Amino acid sequence: MTDDEKNLRNPREWLRPALGALSGALAGFAALAVAELVSAWVRPQAGPVIAVGGAAIDRTPAGVKDWAIRNFGTNDKLILQLGILAVLAVFALALGLVAMRYRRIGAAGVLVFGIVGAGAATSRPDSTGFADALPSVVGAVIGAVVLFLLVGRLAVSRTVLSPTSGKEDDSARAPGWDRRGFVIAATAAAAASAGAGALGRALNGSRGQDAIASRKDVVLPAPASPAPAVPRGTQLRIPGISAFTTSNSDFYRVDTALVVPKVNARTWRLRIHGKGVTRPVTVSFDDLTRRELIERDITLTCVSNEVGGPYVGNARWIGVRLADLLSECGVKPPSRGGPADQLVARSVDGMTIGSPVDDVMDGRDALLAVGMNGQPLPFEHGFPVRMVVPGLYGYVSACKWITDIELTTFDAYDSYWVKRTWARKAPIKTQSRIDTPKPFARPKSGTVMVGGVAWAQHRGIDKVEVRVDDGPWQEARLAAEDSRDTWRLWSFPWQATKGGHTLTVRASDRSGAVQAERRAPTIPDGASGWHSVVVTVE
Ligand SMILES: Nc1nc2c(c(=O)[nH]1)N[C@H]1C(S)=C(S)[C@@H](COP(=O)(O)O)O[C@H]1N2
Ligand SMILES: [Mo]
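Residues numbered from 1 in each chain as written. Chains lettered and ligands numbered in written order. Predicted model: local features only at pLDDT ≥ 70, side-chain atom pairs only at ≥ 80, totals over all residues. Heavy atoms only, no water.

Looking now at the pattern of salt bridges. Scanning the entire structure with this criterion turns up 29 salt bridges. The salt bridge involving Arg-364 is made with Asp-362; its shortest N-O contact spans 3.0 Å. A salt bridge links Asp-509 to Arg-459, with the shortest nitrogen-to-oxygen separation between them at 2.9 Å. You can see Asp-509 sitting in strand S17 (residues 499-509) and its partner Arg-459 sitting in the loop between strand S12 (446-455) and strand S13 (461-468), a full 50 residues away along the chain. Its relative accessible area of 26% is what places Arg-459 among the partly exposed residues. A cluster of three or more residues bridged by salt bridges with shared partners is formed by Lys-77, Arg-253, Asp-255 and Lys-400. (Salt bridge = Lys/Arg side-chain N within 4 Å of Asp/Glu carboxyl O. Helix = DSSP H or I, 4+ residues; strand = E, 2+ residues; numbered from the N terminus. Buried < 20%, exposed > 50% of the residue type's maximum accessible area, 1.4 Å probe, protein only.)

This is the structure in structure tokens:
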């Protein structure tokens, strides 16, 4: 019987393979921890999990991504990263087992993951070069060494010589491997990894201080053209209905950034160039805020918002009129003979968003926004500067962390989401939502206040109607209109009778069109259909 065979007969035969798998897990932990530490020195976005996560987001089919946004909401990014960690954990355990048999191959397997991470990091659109490969590569080398050393402690020695007699030592053969050495090495690897990982986390967490300071220093000048006073009665005092103005902290967030870009306003620049730009410019944040600023209430909507969904919000934006700046650069819209029909906005993280030049320059309040509800833009919402264009879904208009505007044509260039099967042009569809009662609520019979919001940005809402079960459409009371670029609240006092009921809402916009009944999915140009809520009146 060989030692290995004896070892397998050992009542604790599972222990060695289990410790092999554990070695794999420790090697993976060491690799990620070291990568985190090195990424603090390079840049946090170069870390393997962030880089692979970003690459995964870019490659996820539109339908899956839309499903993730719908089901996980703003947690979609956390879920993605946990998913990547889970996959890595499975591979790490497997590599540990492989290494028990083939020590070098197991260690080399760890290096393969380093290469994948490095490839993802250097091919991100915002990659700054080869340094981005370092976190993955250094992490993987350390991980491979850890696996090699730990598994070495688990190897069954063919002959164990007694240190005293120099003869074969049967007592030492019982486990056949270096238990003490393994425990010491594994503990040391775990402790060192935890230390490196914690230090890397802390360093990454404290990054962007210059950007944070530059945001604190921003003093928004009084707008030359303030927003017209919000008319009395835009807000309805009904419990559970949306606030007319969405606070910055409540405003929905949709973007592909796993790490929110922290851009320093002092060094930020925006370049405007491309087809038909006779006077290209590069402007600074001060250049922008020294210009005439306008302030407008505009309701933003995401194309991924399902009927009745939450990805819509209304804020008071302060910014520069984009059309003026474009005109100064010599840009003419195609309707006045200009050669470029598409404006491609590019962000610091490589996002590209294409808007029709005709829409941006048709007199609507298309903004390069610097302020949101009286504050400098929050980092999550695009500090220092973003675009906002009334009437267009965010993915074709609302570029956050903008740094470049290129005039081109729709024929010549597909922006990020268009490459992923979304429509080139996407005006916001007329929609309405019941905020209260909530689905499956159990209100008391009598008068139940039904209320919600309706939007048809840049056309304006003219009418909202509510239907109870299969009854007739009844006109809801509309709150006052702020502007045709904002949503409008509505209410409907319902004489509710006991039993189960379905409430349905639909809006009409100022062009006279009634909100489409036909259910359409969010892809390719926004959901349509009527919002319904089922309640039981008690
Ligand atoms: N740089 C960048 N800008 C972006 C996006 C993005 O992923 N990256 N997402 C767009 C989409 S799809 C929408 S709906 C709006 C959402 O803006 P918000 O997060 O401020 O609500 O931002 C737009 N601007
Ligand atoms: Mo969006």
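We now examine the environment of Ala-194. Its location among the elements puts Ala-194 in helix H9 (residues 179-205). Judged by its relative accessible area of 39%, Ala-194 falls in the partly exposed class. Between the C-alpha atom of Ala-194 and that of Ala-30, which follows or precedes it by 164 residues, the distance is 7.9 Å.

The next subject is the nonpolar core. Within the largest apolar cluster, 85 residues are counted, with the highest numbers of intra-cluster contacts made by Trp-317, Leu-343, Leu-368, Ile-402 and Leu-407. Those residues in contact with Leu-343 that sit more than four places away from it in its chain are Leu-322, Leu-326, Ile-353, Gly-354, Ser-355, Val-357, Val-360, Met-387, Ile-405, Glu-406 and Leu-407. Listed in part, the 22 residues of the second largest apolar core include Trp-490, Trp-494, Ala-507 and Val-535. (Core = buried A, V, L, I, M, F, W, Y, C linked by side-chain atoms within 4.5 Å. Contact = heavy atoms within 4.5 Å.)

Just distances and angles here, no functional claims.
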